[in-house]
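# Coordinate analysis (summary)
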Amino acid sequence: MFRPQLLQSCVDHLGLGALATRGDLTRFVVGATSDSRQVAPGFLFVAIPGSQVDGTDFVPAAIDAGAIAVAAVRPIPLPDGIAFIQVDSPYAAAARIAEWSHDFPARSLKIYGITGTNGKTTCAFLLRDILQHAGQRPGMIGTVHYELGNRTLPADRTTPTAFDFQAMLAEMVGAGLESVVLEISSHALDQRRIGSVPLHGALFTNLSGDHLDYHLTMERYLEAKTLLFTEYLAPGAPAVLNCDDPDGARMAAHLLTRDPPVRLRTYGCTPGANACMRDCRTSLTGTTLSFALPDGDLSLSTPAMGLFNAYNVAGVVALADALGIPWDAIKAATAAFEGAPGRLEPITGTNGLKVFVDY
């Protein structure tokens, strides 16, 4: 539930992201949104320019619905009595306003982020299972659905919009959850959609040609993925990267040069990886593999099949190990893990015929 707050406190949270203000900042705001249809009396309306329409076109409707303040990237004429906040980046500002308006729910949660072109969803489901086997109550936000504690919603996108995202985190806090597995898309990273959420661990799976209609070049696509580790990782939290992927190796080399240093963990078959895969065998009945980890060797089996799933398992195992999750929980969850819905999902007929559903 939103706690009414002074508009000035919103400006303070935006910091340098607020370029200018006008009007009465001592008024109390009772809610905030970037959707004019959700505005109620006493709200702050955030006008975001989209690819097809500009949010400033809906300012009159927001004011008619009771908005007492507007945030936008450029000065706009407003009636007397309506406060205005000019922001430098509308998406980033919306994310910060969203977390402010929901009383910073991420501060009560441990959030683990997963990004990459392929494998995010499978990794998210496996990490959720491992956390459950370790005795936690995790929520999950990703491509298939949103698990909020007391209910599960179908997903309309991998990473929700800023206000929906913070509302979901607040609902998880209210449901007594303690951790969240979060799939983070490159669009969400580029738009800084998750605000100032500090991640307690992050995983990069791989990079291949995708979303170039948005990013235009592979270099910009990689830069967006890198933001997960350079802008959102909490101090001391593990950054886990696939060093067999060329872009993962580049990202790892870059992170090693940062000050303060990033707690880097790598995985793959490359000698010297912190979670070095070896003796991987996969068949229609599943996969067995072993790892050389910093504290010893770990052998696992899983019903999930295919070399790509071996890499998904390796990434999650490397992250779980770096988080200090007991190996018994990792082994038990992996042994029971059959994959994510629609990701090479096996269906066996009564005649023994296997059919695979792959998204």
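Residues numbered from 1 in each chain as written. Predicted model: local features only at pLDDT ≥ 70, side-chain atom pairs only at ≥ 80, totals over all residues. Heavy atoms only, no water.

What follows is about the side chain of Thr-158. Tracing the backbone shows Thr-158 in the loop between β11 (152-154) and α5 (162-174). Classification of Thr-158 by relative accessible area gives buried; the value is 17%. Of note is the side chain of Thr-158, whose polar atom sits 2.9 Å from the side chain of Thr-143. For Thr-158, the residues in contact, after removing those within four places along its chain, are Lys-120, Ile-141, Gly-142, Thr-143, Tyr-146, Glu-183 and Ser-185. (Helix = DSSP H or I, 4+ residues; strand = E, 2+ residues; numbered from the N terminus. Buried < 20%, exposed > 50% of the residue type's maximum accessible area, 1.4 Å probe, protein only. Polar contact = N/O pair within 3.5 Å; in protein donor to acceptor, adjacent residues only side chain to side chain. Contact = heavy atoms within 4.5 Å.)

Counted by the stated rule, this structure contains twelve salt bridges. Between Arg-278 and Asp-297 there is a salt bridge, and its shortest N-O distance comes to 2.6 Å. Separated by 19 residues along the polypeptide, Arg-278 in strand β16 (residues 275-283) and Asp-297 in strand β18 (residues 296-302) bring together distant segments of the chain. Judged by relative accessible area, which is 39%, Arg-278 ranks as partly exposed. The exposure class assigned to Asp-297 is exposed, which follows from its relative accessible area of 53%. (Salt bridge = Lys/Arg side-chain N within 4 Å of Asp/Glu carboxyl O.)

Bridge analysis of strand β19 (residues 345-348) against strand β20 (residues 354-357) gives four bridges, and the strand direction is antiparallel. Paired with Thr-348 across the strands is Lys-354, a residue of β20. (Pairing = 2+ DSSP bridges.)

Core analysis: the largest hydrophobic core is formed by 38 residues, its most contacted members being Ile-111, Leu-169 and Phe-229. Elements with a minimum of two residues in this core: α5, β12 (179-183), α6 (186-190), β13 (199-204), α8 (218-230), β14 (238-242) and α9 (246-255). Phe-229 has contacts with Ala-202, Leu-203, Phe-204, Ala-239, Val-240, Leu-241, Met-251 and Leu-255, leaving out every residue within four places of it along the chain. (Core = buried A, V, L, I, M, F, W, Y, C linked by side-chain atoms within 4.5 Å.)

Right, let's get into the pairing of β12. Of all five residues in β12, five are buried; the element is thus mostly enclosed. By the alternation rule, side chains of β12 split into Ser-179, Val-181 and Glu-183 and Val-180 and Leu-182, which are all buried. The pairing of strand β8 (residues 110-115) with β12 spans five bridges and is classified as parallel. Bridge pairing in β12 places Gly-113 opposite Leu-182. Pairing between strand β9 (residues 138-141) and β12: four bridges, direction parallel. Bridge pairing links Gly-139 to Val-180 in β12.

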